[in-house]
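# Summary of structural features
As a plain string of letters, each chain reads:
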Amino acid sequence: LTPAELKGMDIGTNRSRFERKVRTYLRSHENDLLVQKLMRGGQISSADLDELKNIFLDLGFGTQADIDMVTDEYHGFGLFLRSITGLRRETAVRAFGKFQQGKTFSPAQYSFVELIIESLTRNGFLDIDHLYEQPFKSRAPRGPDTFFTDPELGMIIEILDYLKQTAIPSDTAEAG
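Residues numbered from 1 in each chain as written. Predicted model: local features only at pLDDT ≥ 70, side-chain atom pairs only at ≥ 80, totals over all residues. Heavy atoms only, no water.

With that settled, consider the pattern of salt bridges. Tallied over the entire structure, the rule returns 7 salt bridges. The residue Glu19 makes a salt bridge to Arg15 at a minimum N-O spacing of 2.4 Å. With Glu19 and Arg15 both in helix 2 (residues 14-28), this residue pair falls 4 residues apart, about one helical turn. For Glu19, a relative accessible area of 15% gives the class buried. Overlapping salt bridges, with partners in common, bring together Arg15, Glu19, Arg23 and Glu73 in one network. (Salt bridge = Lys/Arg side-chain N within 4 Å of Asp/Glu carboxyl O. Helix = DSSP H or I, 4+ residues; strand = E, 2+ residues; numbered from the N terminus. Buried < 20%, exposed > 50% of the residue type's maximum accessible area, 1.4 Å probe, protein only.)

Next comes the structure, spelled out in structure tokens:
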């Protein structure tokens with residue numbers, strides 16, 4: 001194709017266009033109750049997800065195949081949406097409030113928890129495996145177990161799992 005022929009075509013895959021349109025929609029509808037639920041770690045239902053899927057299909061953001069593709073990639077449509085909205089910082093901070101309560105952390109421990117909170121704010125959820133990869137590895141080359149006791153690490157895992165589960169409808173088998 002010549003540049004003139006390319007001029008009228010959308011650049012990027014259907015999936016990237018779909019994701020861009022969804023991102024724009026979610027950002028421009030931050031005050032909607034459903035989007036607030038995603039951003040504040042509220043429990044998402046399958047009806048919530050169906051409502052958003054229908055909106056995205058009705059607005060022509062993509063096809064059911066696009067929705068199925070991101071659902072498979074993220075192991076759930078709610079996790080895809082949460083990855084776009086991220087979590088509100090105060091939600092992530094509150095989730096770790098009890099964990100930090102009454103403890104005096106070393107600067108390294110505090111820095112590691114702050115990095116988890118930043119990551120949740122940006123990405124919406126975090127799998128425990130990620131704590132052993134960059135950027136966490138730069139703070140704890142051998143993993144978080146070098147900073148935290150087994151019970152503390154267990155609490156971190158519980159918090160991360162809880163936050164992830166809120167983006168997976170509890171009324172479906174969409175867990176993954």
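From this point, things continue past the structure.
Now for the confidence of the model for the protein chain. Model confidence for the protein chain is summarised by a mean pLDDT of 89, while 90% of its residues fall at 70 or above. Every residue in residues 1-12 is under pLDDT 50, and counting partners more than four places away or in other chains gives 6 contacts. (pLDDT = per-residue confidence, 0-100. Contact = heavy atoms within 4.5 Å.)

Positionally, Gln100 belongs in helix 8 (residues 97-100). A residue is classified by how much of its surface remains accessible, and Gln100, at 21% relative accessible area, is partly exposed.

What follows deals with the side chain of Asp66. With respect to the helices, strands and loops of the structure, Asp66 is situated in helix 5 (residues 64-74). Although Asp66 is buried, it makes no salt bridge; Arg17 carries the closest opposite charge, 7.5 Å away. In this structure the side chain of Asp66 is engaged in a polar contact, spanning 2.8 Å, whose partner is the backbone nitrogen of Thr63. Contacts of Asp66, omitting those with residues within four sequence positions, involve Asn14, Arg15 and Phe18. (Lys, Arg positive; Asp, Glu negative; His and termini not counted. Polar contact = N/O pair within 3.5 Å; in protein donor to acceptor, adjacent residues only side chain to side chain.)

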